[in-house]
Amino acid sequence: MGEQSERLFGRATQVIPGGVNSPVRAFRSVGIDPFFVDRGEGARLIDVDGKSYIDYVMSWGALILGHAHPAVVRAVTEAAGRGASYGAPTGQEVELAELVVDMIPSIDRVRFVNSGTEATMSAIRLARAFTGRDLVLKFAGCYHGHADSFLVQAGSGVATLGLPDSPGVPAALAELTLTVSFNDLDAVRRVAREHGDRLACVIVEPVVGNAGFIPPADDFLAGLRQSCDETGALLIFDEVMTGFRVGPAGAQGRFGIRPDLTTLGKVVGGGLPVGAFGGRADVMDLVAPAGPVYQAGTLSGNPLAMAAGITQLLYLRETRPWDALERHGRMLVEGIREAAATAGVDVWGGALGGMWGYHFTAGPVRSFDDARRADPDVFRRFFLACLAEGVYLPQSPYEACFVSTAHTGADLAETLGVVGGAFQGVAA
Ligand code: KE4
């Protein structure tokens, strides 16, 4: 990395664990020190040493309009002039809530929080209260944030660091989380038979992004819906990544499945800290102060984040960019596949809306186990070759890639050129 980044990283490691505020940012999986960012401009990040990167991380999916979109900057700047936080209700919270309810039909009520983790943590508490049951079913490789109940065979940073789960999670709590393989309906039905009367909820990334990109098999999501209807467990779609990213109504809109609860993050906040959980009125009306399920937050619904979220969602609802974003994602996957073939490397990948991904394996990749068959060394060398040429892809095979409305045809052409040369010297 450049001199200024190295210097900052040296200081950071003295005062911040691992020098970063979220593990994946440390670039551990690709064996280099991280670059430090000076600013973002549209589709690009510029680091503190002045190097420019075409960015396909986009703050892990939040920036569907790209960095520093003028409309978002104006809205946040204007809101800041009236105060950063009040700890009291504002019209902006109502406006963003009405937008979410309008765009996602399964959501009657929504509560804003400050992160995806807060959203999913609150959603399972609510499901446990509504059903009077304790067990949670999740899927290997899916990541739902770092609340204790989810750090069991999780994806994203947990998988990147090769952690089977996390120390500090009491066994008594971890035992309440059951984990089966994504896309394995037989395993779901077995859990339903053995534990169905104790199951509070099934939580799933409807399109997995935290084991790399893995779409659902044709019957999988409908099978989850049926199993939940039969057992009385609530179906929770964790759409923190897919919400407003794979389509106007997220993955549930793409696949026509109505979950009982939905969690949101990233895009809904326009790059500022916003998470949300919402769904059926009869469930959500248990949330305090309407009901007894406690959930709270000093900065929940704060005016700066609401301004960014409203601006980004209104822009999306008006311009409807998802088909174009998906075409761009498919172009990038095809470019990687063609370049890899010259080195005898197999690629399995795909795109949905503005989310895309690739695995260096012949595939098909239907589960976390399939994803782990990909060659990590080929991934590392491919990632580093692209980064050296100014293309910043997610630094872990257990992350999804993102494209934004700010990525131009020239950016995509430049990226494909870099990808085309990235396999020289990468023997399969
Ligand atoms: P946050 O608490 O990081 O806002 O959201 C947690 C979360 C919940 N659900 C899904 C489907 C998610 O993808 C996430 C967070 N995603 C990761 C990237 N894969 C965040 C990046 C990071 O941990 O730094």
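Residues numbered from 1 in each chain as written. Predicted model: local features only at pLDDT ≥ 70, side-chain atom pairs only at ≥ 80, totals over all residues. Heavy atoms only, no water.

Participant: Just checking my understanding: could you explain the overall build of the protein for this structure?
Facilitator: If you tally the helices and strands in the protein, you get 16 helices and 14 strands. Here the C-alpha radius of gyration of the protein, 21 Å, is about what a compact globule of 428 residues would show, namely 22 Å. Evaluated residue by residue, the protein yields a buried proportion of 57% over its 428 residues. Taking the contacts inside the protein whose residues are at least 6 apart along the sequence as the reference set, 73% of them involve residues at least 24 apart. Counting every atom, the protein has about 16,800 Å² of accessible surface; 52% of that belongs to carbon and sulfur. Each charge class in the protein was averaged separately, 35 positive and 47 negative side chains, and the resulting centres sit 1 Å apart. (Helix = DSSP H or I, 4+ residues; strand = E, 2+ residues; numbered from the N terminus. Rg over C-alpha atoms; globule rule 2.2 N^0.38 Å. Buried < 20%, exposed > 50% of the residue type's maximum accessible area, 1.4 Å probe, protein only. Contact = heavy atoms within 4.5 Å. Areas by Shrake-Rupley, 256 points an atom, 1.4 Å probe, with all protein chains shown as cover. Lys, Arg positive; Asp, Glu negative; His and termini not counted. Charge placed at Lys NZ, Arg CZ, Asp CG, Glu CD.)

Participant: Could you clarify how one ought to interpret the site of the ligand in this entry?
Facilitator: Around the ligand, the surrounding shell holds 17 residues, and the nearest of these are Ser22, Thr117, Asn210, Asp238 and Glu399. With respect to the ligand, the side chain of Thr117 contributes an N or O atom lying 2.7 Å from an oxygen atom. Within the contact set of the ligand, a nitrogen atom lies 3.4 Å away from a side-chain nitrogen or oxygen of Ser156. Along the lines of polarity and charge, the residues of the shell around the ligand split into 5 nonpolar, 8 polar and 4 charged. (Near = heavy atom within 4 Å. Polar contact = N/O pair within 3.5 Å; in protein donor to acceptor, adjacent residues only side chain to side chain. Nonpolar A, V, L, I, M, F, W, Y, C, P; charged D, E, K, R; others polar.)

Participant: In this structure, what is going on with the pairing of strand β9 (residues 261–264)? I would like to understand it.
Facilitator: Taken residue by residue, a regular strand's side chains alternate between the two faces of the sheet. The alternating pattern of β9 places Leu261 and Thr263 on one face and Thr262 and Leu264 on the opposite face, and all of these are buried. Bridge count for strand β8 (residues 234–238) against β9 is 3 bridges, and the pairing is parallel. When the sheet's bridge partners are listed, Asp238 is paired in β9 with Thr263. Tracing the backbone out of β8, into helix α10 (residues 250–255) and back to the parallel element β9 gives a crossover that is right-handed. Direction of pairing for β9 relative to strand β10 (residues 275–279): antiparallel, over a ladder of 4 bridges. Bridging across to β10, Thr263 finds its partner in Phe277. (Pairing = 2+ DSSP bridges. Right-handed = clockwise from strand over helix to strand, strands pointing away.)

Participant: Explanation requested: the nonpolar core in the structure shown.
Facilitator: As a rule of thumb, soluble globular proteins bury nonpolar side chains together. Membership of the largest hydrophobic core comes to 65 residues, with the highest contact counts inside it found for Phe244, Leu313, Trp356, Tyr358, Phe360, Phe382 and Tyr392. The element that contributes the greatest number of residues to this core is helix α13 (residues 322–341), accounting for 7 residues. Each of domain 1 (3–64 + 321–427) and domain 2 (70–319) gives at least three residues to this core. Setting aside chain neighbours within four positions, we find Phe382 in contact with Ile336, Tyr358, Phe360, Leu393, Val419, Ala422 and Phe423. Membership of the second largest hydrophobic core comes to 32 residues, among which are Phe139, Val191, Ala211 and Phe220. (Core = buried A, V, L, I, M, F, W, Y, C linked by side-chain atoms within 4.5 Å. Domains from an automatic or database assignment.)

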